[in-house]
Amino acid sequence: MDDLAAEAGRHRTRRQRLAIELRRLRDLAGISGRDLAHRIGMSQSKVSRIESGSVIPSLPEVAAWGDAVEAPAQTRELLADLTEAAFTEMHTWRAALQQQTHLQDDIRGQEDEAQLLRVFQPAIVPGLLQTAEYARRVFSLFDPPYLEGDLPMVVAARLQRQLALYDESRKFEFIVTEAALRCRPGPVRLLLAQLDRIATLSTLENVTLGVIPQDAESAVCPPHGFTLYESDSSTIDSFVEVEVTHMRLIVRDAEDVATYRRQWSLLGEMALYGDTAREFLAQLSAGIRATAR
């Protein structure tokens, strides 16, 4: 395993390591989960979820846990370090693709647990809105590259993710810049078909599309795209996924998630919606056709 893969592995295990350490300390102190919950003002079910690793406790909660079990100072420092590390997971593309052909099933699993998905893309059409050919072209440009023979499987898995758009019990919100809409990983006809696809999907009741024109006054300037996975479940925390050139970042810290929510709100102020957005798409398509002649 190379250095990047090893680093990604370390970040993936810190969440479980924190859970195991908290459970170990409670057991050593001879305190039941119910008693601990009472001492730190937390529900017993949340204590169980923390100890199973399904929920990451906040730093104040970890500090209260340490107080309740009378953990030594050195152990409390370790708990704080593990907690901070657990809130940001790093998964390098290289390491992930060494272990499996593609990540679409993993991403679909994340999406299936969210009641609301908010996707901002400044550079490319979001995967959930891509046509099959657009997706195939995008995957063919990926670095590290996919094997040519694997591309049909990867594209099919991405299209499988898109079935969720037709589940009316779930909501999807997209904000896409004009630059992303103009991204053309193939011939003009490919882009025109893609724009038509976006306009069609934007008519679904549970799908909201925001388009930011190139000449819109900026209220915020995020340097990269991001996806907010929002959940109102007591067993699943909301989180943010950020994709950069060499890895995916999963951000779970409540304050960091709140930062992305503020950015989303500001981006929404810059965007066009509904019929106005679809008219913008139609004009963009007309301009591209005229230029291509």
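Anything mentioned here points back to the structure above.
For the structure given in this document, a descriptive report is provided here. The structure presented is a predicted model; accordingly, all values stated were derived computationally and were not measured. (Residues numbered from 1 in each chain as written. Predicted model: local features only at pLDDT ≥ 70, side-chain atom pairs only at ≥ 80, totals over all residues. Heavy atoms only, no water.)

## Quick notes on the nonpolar core
Side chains of a nonpolar character, in soluble globular proteins, are inclined to be buried together. Filter applied, for reference: We define a nonpolar core as any set of buried Ala, Val, Leu, Ile, Met, Phe, Trp, Tyr and Cys residues linked to one another through side-chain atoms lying within 4.5 Å. Exposed residues in this analysis have more than 50% of their type's maximum accessible area, buried residues have under 20%, and partly exposed residues fall in between, with area computed by a 1.4 Å probe over protein chains only. Elements are defined by DSSP. Helices are runs of H or I of four residues or more, strands are runs of E of two residues or more, and each kind is numbered from the N terminus. Working rule for contacts: check all heavy atoms of both residues, and any pair within 4.5 Å makes them a contact.
Among the nonpolar cores identified, the biggest contains 37 residues, and Phe172, Phe174 and Leu181 are the most heavily contacted of them. Secondary structure elements with two or more residues in this core: α6 (93-99), β2 (116-121), α8 (132-140), β3 (171-177), α10 (178-182), α11 (188-201), β4 (207-212) and α13 (274-292). Among the elements that line this core, the one with the most residues is α11, at seven residues. Apart from residues no more than four positions distant in its own chain, leucine 181 is found in contact with Val176, Leu191, Leu195, Ile198, Val211, Phe280, Leu281 and Leu284. Of all hydrophobic cores here, the second largest spans 21 residues; its members include Ile50, Val62, Ala68 and Leu82.

## Some remarks on helix α3 (residues 44-52)
Val47, Arg49, Ile50 and Glu51 are the residues of α3 that are buried. Downstream of α3 by a residue or two, glycine 53 has a phi angle that is positive, lying close to 90 degrees.

## Concerning the sheet that holds β4
Put simply, the rule reads: Here the rule is simple: two strands pair whenever DSSP picks up at least two bridges between them. To obtain each axis, a line is fitted to C-alpha atoms, and for helices this fit is confined to the stretch in contact; angles are then taken between N-to-C directions over 0 to 180 degrees.
If you walk across this open sheet you meet the eight strands as β1-β7-β6-β5-β2-β3-β4-β8, and the pairing is mixed. With partners counted over all chains shown, the strands left at the sheet margins are β1 (88-92) and β8 (272-273), one partner each. As paired elements, β2 and strand β5 (residues 226-230) share five bridges and run antiparallel to each other. In the strand pairing of β5, arginine 118 is matched with leucine 228. Relative to the sheet, helix α12 (residues 254-270) contacts β2, β3, β4, β5, β6 (239-243), β7 (247-251) and β8, its axis offset from that of β5 by approximately 110 degrees.

## Regarding the environment of arginine 108
The topology assignment puts arginine 108 in helix α7 (residues 104-112). If sequence neighbours within four positions are ignored, arginine 108 has contacts with Gln160 and Arg161.

## As for the side chain of glutamine 194
For the record, the criterion: Counted as a polar contact is a pair of N or O atoms within 3.5 Å, where, for protein atoms, one must be capable of donating a hydrogen and the other of accepting one, and residues adjacent in sequence contribute only when both atoms are in side chains.
With respect to the secondary-structure elements, glutamine 194 resides in helix α11. At a separation of 2.9 Å, a polar atom in the side chain of glutamine 194 contacts the main-chain amide nitrogen of threonine 131.

## Focus on the pairing of β4
Each regular strand shows side chains that alternate between the opposite faces of the sheet. Most of β4 is tucked away: five of the six residues are buried. Bridging between β3 and β4 involves six bridges; their strand directions are parallel. By the bridge assignment for β4, valine 176 is matched with valine 211. Relative to β8, β4 runs antiparallel, the two being bridged by two bridges. Within β8, the residue paired with valine 211 across the bridge is leucine 272.

## Focus: the state of the cysteines
Inclusion rule: The disulfide criterion is simple: two cysteine sulfur atoms within 2.5 Å.
Counted under the stated rule, the structure contains zero disulfides. Cysteine 183 carries a free sulfur, and the closest cysteine sulfur to it, the one in cysteine 221, is 20 Å from it. You can call cysteine 221 exposed: its relative accessible area is 65%.

## Let's talk about the packing of aromatic side chains
The geometry of an aromatic ring pair is captured by the separation of the ring centres together with the interplanar angle, meaning the angle of the planes. Definition in use: Aromatic pairing here means that ring centres of Phe, Tyr or Trp (its six-membered ring) are within 6.5 Å. Orientation follows from the plane angle: under 30 degrees is stacked, over 60 is edge-to-face, and everything else is tilted. Only when the NZ atom of a Lys or the CZ atom of an Arg is both within 6 Å of the ring centre and within 35 degrees of the ring normal do we say a charge sits over the ring.
If you walk through the whole model with that rule in mind, you get six aromatic pairs. Measuring from centroid to centroid gives 5.5 Å for tryptophan 93 and phenylalanine 142, while their planes differ by 85 degrees, and the two rings are edge-to-face. With tryptophan 93 in helix α6 and phenylalanine 142 in the loop between α8 and α9 (151-161), this residue pair connects regions lying 49 residues apart in the sequence. Among the residues examined, tryptophan 93 registers a relative accessible area of 7% and is labelled buried. A ring pair is formed by phenylalanine 142 and tyrosine 146, whose centres lie 5.4 Å apart and whose planes are at 40 degrees; its orientation type is tilted. Residue class for tyrosine 146 comes out buried when judged on its relative accessible area of 14%. Of the aromatic side chains, those joined through ring pairs into one cluster are Trp93, Phe139, Phe142 and Tyr146. In this structure, arginine 252 is placed above the aromatic ring of phenylalanine 239, and the distance from its NZ or CZ to the ring centre is 4.7 Å.

## What about the packing of α7 against α9?
Rules: When an angle is under 35 degrees it counts as roughly parallel; over 145 it counts as roughly antiparallel; between 65 and 115 it counts as roughly perpendicular; any other value is oblique.
Their axes nearest at 9 Å, the elements α7 and α9 cross at an angle of 10 degrees. As far as their axial angle goes, α9 and α7 are roughly parallel. Contact with α7, carried on its side by Gln104, Asp105, Ile107, Arg108 and Glu111, involves Val154, Ala157, Arg158, Gln160 and Arg161 of α9 and no other residues of that element.

## Re the environment of serine 231
Among the structural elements, serine 231 can be located in the loop between β5 and β6. Between the alpha carbons of serine 231 and glutamine 115 there is a distance of 5.3 Å; along the sequence they are 116 residues apart. A distance of 3.0 Å separates the side chain of serine 231 from the side chain of glutamine 115, its partner in a polar contact.

## Side note on unusual backbone geometry
A negative phi holds for most residues other than glycine; trans holds for most peptide bonds. Residues aspartate 143 and proline 144 are joined by a peptide bond in cis, for which omega reads 10 degrees. As for its position among the elements, proline 144 is in the loop between α8 and α9. With a phi angle near 55 degrees, glutamate 70 is a residue other than glycine that sits in the positive phi range. Tracing the sequence through the fold places glutamate 70 in the loop between α4 (59-68) and α5 (73-86). A relative accessible area of 67% places glutamate 70 in the exposed class.

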